[in-house]
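Take a look at the letters that make up each chain.
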Amino acid sequence: MQLSIIIPLLNEEESLKELHDWIVTVMQSNHFLYEIIFVDDGSTDTSWDIIKSISDANSNVKGIRFFKNYGKSQALHAGFKAANGEVIITMDADLQDSPEEIPELFQLIKTEGYDLISGWKKKRYDSVIAKNIPSKLFNWAARRTSGVKLHDFNCGLKAYKNQVIKNIKVSGEMHRYIPVLAKNAGFSNIGEKIVTHQARKYGKTKFGMERFINGFLDLITIWFVSKFGKRPMHLFGALGVLMFIIGFSFAMYLGIDKLFINTTGRLITDRPQFYISLTAMILGTQLFLAGFLGEIMVQSRTNETRYNISERVNL
Ligand code: UDP
Ligand code: MG
């Protein structure tokens, strides 16, 4: 199997047949051995019936159906688990991504040796205010925090080496950051290809403005997890110690002042330093405890692997 094409979808009944036929045309003219995996993320329209009838007619077509809507990341994850191809392509079901890009993406992975190629919708056909401007900002922030130099993290059209998708876990709404997950898992040969983009032909977008809020929150999570996920004490412990030292210094100052210098002055509880000292010491202890709890959680996840094996011999 050369190619697995994974298509997550939610209520895209109008597009599925047309998309399938278009992909098949491209596959046949390039003589690819392929599979198409439709992942129905809890559609409430006739999408699943259409997938079943397409797969009756074409044995290369497979389908996975969720009980309910779990989100695009989960749909991709399920597709990744089922995929058998040497190269995995993901694309949206709404005909915005063009199957004509697949042969070139395949070559980039197969012969140029890239781990991951991300599509770049350089010329977009979405609304300017709702998508283009926020997405520029979002991509800029993602580049800065992750160090992965891509223009368009959220493009649905991407190509992966099989190893890559078998070694990453797409949780939450992390589909926007698969290139970052790949980089954190040790796949650094990440490239970009300008792809054509069409306006949505049928139906409407499944993500509203909340995509940007959720996207930024996920970005913070991914930054934190990749930097401190395996050693939480290094962040919380350091902050905790710093806070505690600040608080303790104020307490010392107040104590010395009261005992030896200004013995008849104001009550300690009337002085602002007292409150600074109190809060800083409490916060410091709390942060320190958070670090300890984090470490205990990391330690107890013993059966979860913290490494990715790239090859094996005699095993
Ligand atoms: N999608 C999905 N589950 C969801 C939301 C979306 O599988 O919960 C699919 C959707 O059917 C489409 C792709 O993800 O195939 C991209 O969604 P959409 O076109 O709505 O996003 P946009 O192009 O507006 O970024
Ligand atoms: Mg779309």
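Chemist: When you look at the overall build of the protein chain in this model, what are you seeing that I'm missing?
Modeler: Of the regular secondary structure elements, the protein chain holds 10 helices and 7 strands. Here the protein chain has a C-alpha radius of gyration of 26 Å; the compact-globule value for 315 residues is 20 Å, and the former is much larger. Oriented by its inertia axes, the alpha-carbon framework of the protein chain measures out at about 95 × 55 × 35 Å. Put simply, the protein chain shows about 17,200 Å² of open surface, and 61% of that area lies on carbon and sulfur atoms. A distance of 8 Å separates the average location of the 38 positive side-chain charges in the protein chain from that of its 31 negative side-chain charges.

Chemist: Which parts of the structure should I look at to understand the site of ligand 1?
Modeler: In the region of ligand 1, 18 residues are neighbours, and Glu12, Asp41, Asp94, Thr205 and Lys206 sit closest. For ligand 1, an oxygen atom lies 2.9 Å from a polar atom in the backbone of Pro8. A distance of 2.9 Å is found between an oxygen atom of ligand 1 and a backbone nitrogen or oxygen belonging to Ala93. Burial of ligand 1 by the protein amounts to 94% of the accessible area it has alone, namely 530 Å². Split by residue class, the shell around ligand 1 holds 5 nonpolar, 4 polar and 9 charged.

Chemist: Any chance you could explain the coordination of the magnesium ion (ligand 2) here in plain terms?
Modeler: In an ideal octahedron of six donors the angles at the metal are 90 or 180 degrees, and in an ideal tetrahedron of four donors they are 109.5 degrees. Protein coordination at the magnesium ion (ligand 2) comes from Asp94 (OD) and Gln96 (OE1), with a distance range of 1.9 Å. Exposure remark for Asp94: the relative accessible area of 4% places this residue in the buried category.

Chemist: Looking at this structure, I do not really get the pattern of salt bridges. What am I missing?
Modeler: Pairing of side chains with opposite charge becomes possible as their charged atoms draw close. The final tally for this structure, using the stated rule, is 14 salt bridges. The shortest N-O distance in the salt bridge between Lys17 and Asp21 comes to 3.1 Å. Placement of both Lys17 and Asp21 in helix H1 (residues 13-29) is noted, with a separation of 4 residues, approximately one turn of the helix. Owing to a relative accessible area of 44%, Lys17 belongs among the partly exposed residues under this scheme. Close ionic contact of Lys121 with Asp152 constitutes a salt bridge, the shortest N to O distance being 3.7 Å. With Lys121 in the loop between strand E5 (116-120) and helix H5 (128-146) and Asp152 in the loop between H5 and strand E6 (158-161), this pair connects stretches of sequence that are 31 residues apart. Asp152 carries the same exposure label as Lys121, and that label is buried. Salt bridges here are not isolated pairs; linked through shared partners, they connect Glu12, Asp94, Arg200 and Lys206.

About the cut-offs
- Residues numbered from 1 in each chain as written.
- Chains lettered and ligands numbered in written order.
- Predicted model: local features only at pLDDT ≥ 70, side-chain atom pairs only at ≥ 80, totals over all residues.
- Heavy atoms only, no water.
- Helix = DSSP H or I, 4+ residues; strand = E, 2+ residues; numbered from the N terminus.
- Rg over C-alpha atoms; globule rule 2.2 N^0.38 Å.
- Areas by Shrake-Rupley, 256 points an atom, 1.4 Å probe, with all protein chains shown as cover.
- Lys, Arg positive; Asp, Glu negative; His and termini not counted.
- Charge placed at Lys NZ, Arg CZ, Asp CG, Glu CD.
- Near = heavy atom within 4 Å.
- Polar contact = N/O pair within 3.5 Å; in protein donor to acceptor, adjacent residues only side chain to side chain.
- Nonpolar A, V, L, I, M, F, W, Y, C, P; charged D, E, K, R; others polar.
- Donors = N, O, S within 2.8 Å, 3.2 Å for Na, K, Ca; no water.
- Buried < 20%, exposed > 50% of the residue type's maximum accessible area, 1.4 Å probe, protein only.
- Salt bridge = Lys/Arg side-chain N within 4 Å of Asp/Glu carboxyl O.

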